Amino acid sequence: MTATCILLAAMSFSDVAALTRTEAAHADDVCATGVVTQVVGWRSASGVFADVADPNGRGIYFSGETQRTPTAHIDGADSFRLGDVIEVKGVATPLAFAPGIKASSIKIVGRLPLPPFAEKTLFDLRGGRLDNARVKMKGVVSGVRQMPQARLDPNASVVQLSV
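Just so you know, the residues in each chain are numbered from 1, in the order the chain's sequence is written. This being a predicted model, a pLDDT of at least 70 is required before a residue's local features are given, and a value of 80 or more before pairs of side-chain atoms are given or counted; all residues contribute to the totals for chains, interfaces and linings. The side-chain numbers reported here are obtained from all heavy atoms of the structure, hydrogens and water having been left aside.

Q: Teacher, can you tell me more about the overall build of the protein chain here?
A: The helix and strand tally for the protein chain stands at 2 helices and 12 strands. N-terminal to C-terminal, the α/β element order of the protein chain is α-α-β-β-β-β-β-β-β-β-β-β-β-β. Out of the 163 residues in the protein chain, the part that is buried amounts to 32%. Surface summary for the protein chain: the accessible area is close to 9,700 Å², and the carbon and sulfur share equals 55%. For helices the rule is a DSSP run of H or I covering at least 4 residues; for strands it is a run of E covering at least 2, with both sets numbered from the N terminus onward. Relative accessibility thresholds used throughout: buried, under 20% of the residue-type maximum; exposed, over 50%; partly exposed, between the two (1.4 Å probe, protein chains only). Accessible surface area values rest on a Shrake-Rupley calculation with a 1.4 Å probe, where residue burial reflects the displayed protein chains alone.

Written as C-alpha cells, this is what we have:
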C-alpha cells in the first residue's frame, strides 16, 4: 500500500509519533497512513490508528471533529472500521497525553487484518509508554466506578477499574 498525498514536506506517521506536546503545538501539515485500531463513537471521523508495520505499537489519536463541528470527511465511505488502512491529512496538535492529528481529510486506502492483542502488565503501562496501543491484560478487577463526564461528550462514558 502506498500513500497518495501530494503535500510537500508533510509530516509522516512516525514524525507525529516522535513529537513532544510543545513541538506538536507548532508543527506543520501531516499526511500519515496507518491502520485503524480504535473507532471513537462519540466523535465523527475520529479514532486511533497505528503504523501499518506495527498495529500493536503506539497509536495516534486523530479527530475529524472539533467541538461537535465536523472538520473532516471520509472519502468513499460513511465510516471506517477496525483494520481499515487510512490516509489522514491535517495538522499535528498537542493533546492531553501525546500529539494527535486534527484531520481535514480521511481516505480509506485498504484493509489489514489486525494481529492478536499484545499481552502487557500493569507495570508496562506506566508513564504513558503504551498510550493508544492495543493491549491485553490479565488480573483481578477489585472495583469499578463510573466517572464524571465533565470533559466528555454526554454520549460517552468512562469507567475506572481498580486492579
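That shown, we press on.
Q: Looking at this structure, I do not really get the nonpolar core. What am I missing?
A: Looking at soluble globular proteins, one finds that nonpolar side chains tend to be buried together. Grouped together as the largest cluster of nonpolar side chains are 21 residues, with contacts concentrated most on Val-30, Phe-49, Phe-62, Ile-86, Val-88, Ile-101 and Ile-106. Elements with a contribution of two residues or more to this core: helix 1 (13–17), strand 1 (29–39), strand 3 (60–63), strand 7 (84–94) and strand 8 (99–111). Whether two residues touch is decided by their heavy atoms; if any such pair falls within 4.5 Å, the residues are in contact. Ignoring sequence-local partners within four residues, the contact set of Ile-86 consists of Ala-32, Thr-33, Gly-34, Val-36, Phe-49, Phe-62, Ile-106, Lys-107, Ile-108 and Val-109. We call a set of buried Ala, Val, Leu, Ile, Met, Phe, Trp, Tyr and Cys residues a nonpolar core when their side-chain atoms join them within 4.5 Å.

Q: Any chance you could explain the packing of aromatic side chains here in plain terms?
A: For any pair of aromatic rings, geometry is given as the distance between the ring centres together with the angle between the planes. Pairing of aromatic rings covers Phe, Tyr and Trp, the last counted by its six-membered ring, and requires centre-to-centre distances within 6.5 Å; plane angles under 30 degrees mean stacked, over 60 mean edge-to-face, and any other angle means tilted. Scanning the entire structure with this criterion turns up 2 aromatic pairs. Relative to Phe-80, the ring of Phe-62 has its centre 5.5 Å away and its plane inclined at 50°; by these criteria the two rings are tilted. In this pair, Phe-62 is assigned in strand 3 and Phe-80 in the loop between strand 6 (73–75) and strand 7, connecting sequence segments 18 residues apart. A single burial state applies to Phe-62 and to Phe-80, both of which are buried. Grouping aromatic residues by their ring pairs yields a cluster made of Phe-49, Phe-62 and Phe-80.

Q: It is not clear to me how the side chain of Ser-105 should be interpreted in this structure. Could you clarify?
A: If you trace the backbone, Ser-105 turns up in strand 8. The exposure class of Ser-105 is buried, given its relative accessible area of 15%. Those residues within four positions of Ser-105 in sequence are excluded, and the remaining contacts are Ala-72, His-73, Asp-75, Glu-87, Val-88 and Lys-89.

Q: Any chance you could explain the environment of Asp-78 here in plain terms?
A: As for its position among the elements, Asp-78 is in the loop between strand 6 and strand 7. Spatially, the C-alpha atoms of Asp-78 and Ala-45 are 9.1 Å apart, while their sequence positions differ by 33 residues.

Q: Help me understand the pattern of salt bridges in this model?
A: Any two side chains of opposite charge can pair, so long as their charged atoms come close to each other. A pairing counts as a salt bridge when a side-chain nitrogen of Lys or Arg comes within 4 Å of a carboxyl oxygen of Asp or Glu. In total, this model carries 4 salt bridges according to the counting rule given. Across the pair Glu-119 and Lys-138 runs a salt bridge, and its minimum N-O distance is 3.9 Å. On the criterion of sequence distance, the pair formed by Glu-119 in strand 9 (residues 118–119) and Lys-138 in the loop between strand 10 (135–136) and strand 11 (143–146) is long-range, its members being 19 residues apart. On the basis of relative accessibility, which here comes to 44%, the residue Glu-119 falls in the partly exposed class. When salt bridges with common partners are traced through the structure, they connect Arg-81, Asp-84 and Arg-111 into a single cluster.

Q: Is there a simple way to think about the environment of Lys-107 in this case?
A: Among the secondary structure elements, Lys-107 is positioned in strand 8. Put simply, Lys-107 and Ile-74 are 33 residues apart on the chain and 5.6 Å apart in space, counted from C-alpha to C-alpha.

Q: What exactly am I supposed to notice about the pairing of strand 3 here?
A: On a regular strand, each side chain points to the face opposite its neighbour's, so the side chains alternate between the two faces of the sheet. Residues of strand 3 alternate between two faces, with Ile-60 and Phe-62 on one and Tyr-61 and Ser-63 on the opposite face, all of them buried. Of the pairings in the sheet, the one linking strand 2 (residues 47–50) to strand 3 comprises 3 bridges and is antiparallel in character. From the neighbouring strand, Gly-47 faces strand 3, where its bridge partner is Phe-62. Bridge count between strand 3 and strand 8: 2 bridges; the pairing is parallel. Note that in strand 8 the partner of Phe-62 across the bridge is Ile-101. A strand pair is defined by DSSP finding two or more bridges across the two strands.

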